[in-house]
Amino acid sequence: MMEHRGRQTKDGIRIYDPSDFEGMHAAGKLAAQILDEVIDHVFVGQTTGAIDGVITQMIEDAGAKSATIGYKGYQHASCISINHVVCHGIPGDKKLKDGDILNIDVTVIVDGWYGDNSRMYVAGKLPRKAERLIDVTHDALMRGIEIVKPGNTFGDIGHAIQSFVESHRMSVVTDFCGHGLGRVFHAPPNVLHYGRPGTGAVLEPGMFFTIEPMVNLGRAETKILSDDWTAVTRDKSLSAQFEHSIGVTETGCEIFTQSPAGKFHPTYSRD
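Given the structure is predicted, the values throughout are model-derived calculations rather than measurements.

Asker: Requested: an account of the nonpolar core, with residues and values cited.
Answerer: In terms of nonpolar packing, the biggest core is built from 35 residues, with Ile51, Ile55, Leu102 and Ile104 touching the most fellow members. Listed by contribution, the elements that provide at least two residues to this core are helix 1 (21-37), helix 2 (48-61), strand 4 (78-82), strand 6 (101-110) and strand 7 (113-122). Contacts of isoleucine 55, omitting those with residues within four sequence positions, involve Ile34, Val38, Ala77, Ser78, Ile104 and Val106. Within the second largest apolar cluster, 34 residues are counted, among which are Ile101, Ala140, Ile145 and Val172.

Asker: Lay out the side chain of threonine 153 in plain terms, naming residues and giving numbers.
Answerer: Summarising the element assignment, threonine 153 is placed in the loop between helix 3 (128-146) and helix 4 (154-167). There is a polar contact of 3.3 Å between the side chain of threonine 153 and the backbone nitrogen of glycine 155. At a separation of 2.8 Å, a polar atom in the side chain of threonine 153 contacts the main-chain carbonyl oxygen of threonine 199. Not counting the four nearest positions on each side in its chain, threonine 153 is found in contact with Gly198, Thr199, Gly200, Ala201, Val202 and Leu203.

Asker: Account for the pattern of salt bridges, with residues named and values stated.
Answerer: Under the counting rule described, the total for this entry stands at 5 salt bridges. Measuring nitrogen to oxygen at the nearest pair gives 3.8 Å for the salt bridge that ties aspartate 11 to lysine 10. The exposure class assigned to lysine 10 is exposed, which follows from its relative accessible area of 81%. Measuring nitrogen to oxygen at the nearest pair gives 3.6 Å for the salt bridge that ties arginine 128 to glutamate 131. Taken together, the residues span about one helical turn, with arginine 128 and glutamate 131 both in helix 3 at a distance of 3 residues. Residue class for arginine 128 comes out exposed when judged on its relative accessible area of 54%.

Asker: A description of helix 1 should follow, citing residues and the corresponding values.
Answerer: In this model helix 1 runs 24 Å from its N-terminal to its C-terminal C-alpha over 17 residues, within 8% of the 24 Å that 1.5 Å per residue would give. Of all the positions in helix 1, only Phe21, Gly23, Met24, Ala27, Gly28, Leu30, Ala31, Ala32, Ile34, Leu35 and Asp36 are classed as buried. On its buried face, helix 1 sits against helix 2, strand 6, strand 7, strand 11 (208-211), strand 16 (244-248) and strand 17 (253-255).

Asker: Describe in detail the sheet that holds strand 12 (residues 214-216), supporting the description with residues and values.
Answerer: The strand order across the open sheet built from 3 strands is 8-12-15, with neighbouring strands paired in antiparallel fashion. The open sheet has two edge strands with one neighbour each: strand 8 (171-172) and strand 15 (239-241). Pairing analysis gives 2 bridges linking strand 8 to strand 12, with the strands arranged antiparallel. By the bridge assignment for strand 12, serine 171 is matched with asparagine 216.

Asker: Can you break down unusual backbone geometry residue by residue, with the values?
Answerer: Residue proline 189 is reached from proline 188 by a cis peptide bond, and omega for that bond is 5°. With respect to the element layout, proline 189 can be found in strand 10 (residues 187-191). In this model, arginine 169 sits at a positive phi of 60°, which is unusual for a non-glycine residue. Residue position: arginine 169 is located in the loop between helix 4 and strand 8. Taking the relative accessible area as the measure of exposure, arginine 169 reaches 79% and is therefore exposed. We note that lysine 236 has phi near 65°; this positive angle belongs to a residue other than glycine. By secondary structure assignment, the location of lysine 236 is in the loop between strand 14 (231-233) and strand 15. Overall, lysine 236 belongs to the exposed group, its relative accessible area being 57%.

Asker: Please provide a residue-by-residue account of the layout of surface pockets, values included.
Answerer: Put simply, the largest pocket is a space of about 520 Å³. What lines the largest pocket is a set of 26 residues, among which Tyr71, His88, His179, Phe185 and His186 lie closest to the centre. Those elements that provide at least two residues to the lining of the largest pocket are strand 4, strand 6, strand 9 (178-180) and strand 10. Sorting elements by how many residues they give to the lining of the largest pocket places strand 6 first, with 3 residues.

Asker: Any chance you could break down the packing of aromatic side chains for me, citing the residues and the numbers?
Answerer: By convention here, two paired aromatic rings are described through the distance between centres and the angle between planes. Counted according to the given criterion, the structure contains 10 aromatic pairs. Plain terms: the ring middles of phenylalanine 21 and phenylalanine 256 are 5.7 Å apart, the flat faces sit at 65° to each other, and that makes the pair edge-to-face. Placement of the pair is phenylalanine 21 in helix 1 and phenylalanine 256 in the segment after strand 17, with a sequence separation of 235 residues. Summarising the burial analysis for this pair, phenylalanine 21 and phenylalanine 256 share the class buried. A cation over a ring is seen here: arginine 14 above tyrosine 16, with NZ or CZ 5.9 Å from the ring centre. When the ring centre of tryptophan 113 is taken as origin, the NZ or CZ atom of arginine 183, which lies over that ring, is 4.2 Å away.

Rules behind the numbers
- Residues numbered from 1 in each chain as written.
- Predicted model: local features only at pLDDT ≥ 70, side-chain atom pairs only at ≥ 80, totals over all residues.
- Heavy atoms only, no water.
- Core = buried A, V, L, I, M, F, W, Y, C linked by side-chain atoms within 4.5 Å.
- Buried < 20%, exposed > 50% of the residue type's maximum accessible area, 1.4 Å probe, protein only.
- Helix = DSSP H or I, 4+ residues; strand = E, 2+ residues; numbered from the N terminus.
- Contact = heavy atoms within 4.5 Å.
- Polar contact = N/O pair within 3.5 Å; in protein donor to acceptor, adjacent residues only side chain to side chain.
- Salt bridge = Lys/Arg side-chain N within 4 Å of Asp/Glu carboxyl O.
- Expected span 1.5 Å × (residues − 1).
- Pairing = 2+ DSSP bridges.
- 1 Å grid on protein atoms, 1.4 Å probe; cavity = no way out; pocket = protein on both sides within 12 Å on 5 of 7 lines; lining within 4 Å.
- Points joined across faces, edges and corners; volume = space filled by probe spheres on them.
- Phe/Tyr/Trp six-rings, centres within 6.5 Å; stacked < 30°, edge-to-face > 60°.
- Lys NZ or Arg CZ within 6 Å of the ring centre and 35° of its normal.

Below is the structure:
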């Protein structure tokens, strides 16, 4: 396959061609479709390992590849993060309990393009405080996406997310961030979910990246467990995350990972 030759900004951010949006839409759609279909496999008593097995099979059936299997030694097609796990939760034998909230994060490779998407799910009845957290996290992501248009900066995106979250007396995780993607999994820029207006690189048409805020009900601090992957809140407070892959257009942006079934939010009312 011929190497893609997009130009780079002075910040090292690749600028893709208009024709490249099609490949990203295909990859993003598959990732979102998988997250739609996995809804039926999230229930009380189900294990996260079983959910990951379903996702692995879906990717295989689609003729695509998992971006995470083999990535830095990781052996699963998804990250599944329950309750106070912030991100990078490893699927296993843990059974879901009534009221558990979980983020499922899937990245697929379709014809060399990466589609990266995550959203929240609930097993059983959604507790009220968890619902509030999920609503704020979802709406923070969408507020960040609204800022994405040429001439604005990455600091503008971070500020929109941070100020909204903090207005609800919750905290934005600062230890993890979004990232550039396209024909690679992770690339410049780092997309921070906090910041000051007017700072950071200026957005240009053809930039592809994720926005994926992690929001805690308690304090922002996290720690990594001994498996070297799982990140949890230090104060054991609940955490939530939503993620879209997007591309900057001449007038705004396109979301590559829109839910085909309109089920990006677990209560299907805020997508």
